[in-house]
Amino acid sequence: MVEGIKSVLVTITEEGREEDVSALDYGLSLAREANAHLTIQAAAGRFHVPYSMLDDFSQRIISAENRRIAALAEHLAETAKAEADFAGVVCAVESPQLYYSELLDRFLAHARVHDLSILDAEPSRMEADWGLIEAGLFESGRPVIIVPPGRTRFECRHVVIAWDGSASATRAVAGAMPFLKAAEAVEILPVLGEKDLSASVPGAALAPHLARHGINVTVTNTAVGSNETVAAAIQREAAGFETSLIVSGAYRHSRLREWFLGGVTRSMLEHCRLPILMSH
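Residues numbered from 1 in each chain as written. Predicted model: local features only at pLDDT ≥ 70, side-chain atom pairs only at ≥ 80, totals over all residues. Heavy atoms only, no water.

Every buried residue of helix α8 (residues 230-240) is accounted for by Val230, Ala231, Ala233, Ile234, Gln235, Glu237 and Ala238. Those residues of α8 hidden inside the fold are in contact with β7 (158-163), β8 (185-192), β10 (222-223), β11 (245-249) and α9 (263-270). One or two positions beyond α8, positive phi appears at Glu242, with a value near 55°. (Buried < 20%, exposed > 50% of the residue type's maximum accessible area, 1.4 Å probe, protein only. Helix = DSSP H or I, 4+ residues; strand = E, 2+ residues; numbered from the N terminus. Contact = heavy atoms within 4.5 Å.)

As structure tokens, this is what we get:
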């Protein structure tokens, strides 16, 4: 059983398309495992075009589409609440219809007063959920779990820590501590070859700290292979360890360098095959 998690936030953005919402079932599964309160935010995106640019017919079309999406979000929230009630999980739901900037603000207001947030993975940086992921990672002050399609059941039997000795990785480990304590085995994974880690805190120094918390921990150094990225090396090792959760720091650069996200963080999110707990 996971102990120390008391409030979980799942945010889904309804845009009127058929989209994967694995985060919803994953969050429900986690809340049940941790005996935590679950908040589900099924927000409806609101389209807006200045009326001065539209004729009456176009205005009616946009209004009808906004009503359709709002109804879908409300239905999603009601269904999620019924599933949570059936599972015995205490749950609160909301389905506001918001413009994008308002949606981000509403999400952050919730995220900052929950132990963690859960969001669906989004491979495209042009989608609304990518903005939610960035906001959660860099502005909420809380850990975020990003869930890829098809991962509907929470598990933390085997956990991999992508470790580079940085402050972000340290905060991710601290945020993941309830899951590390619940895991059967934890692997600290420094990835060599992408950047100089000689001045960083080594994984061998983190291991005793975790062991003092009763965590069954090992350290495995791995190197980036030829024509392989750090993210790919992490995913490779995670697959070999039969990992159910990856823990990683989140990094970002200036807008001129890969938008907000650092290269490894961006690659991990774009090619996410396992749930990833990230923190900045």
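Looking now at unusual backbone geometry. Phi is positive for Asn35, close to 55°, though the residue is something other than glycine. In this structure, Asn35 sits in the loop between α1 (22-34) and β2 (37-45). Take Asn35: its relative accessible area is 60%, and that puts it in the exposed class. The backbone of Asn227 sits at a positive phi, close to 60°, despite the residue not being glycine. Counting through the fold element by element, Asn227 comes out in the loop between β10 and α8. In this structure Asn227 comes out as exposed when scored by relative accessible area, which is 86%.

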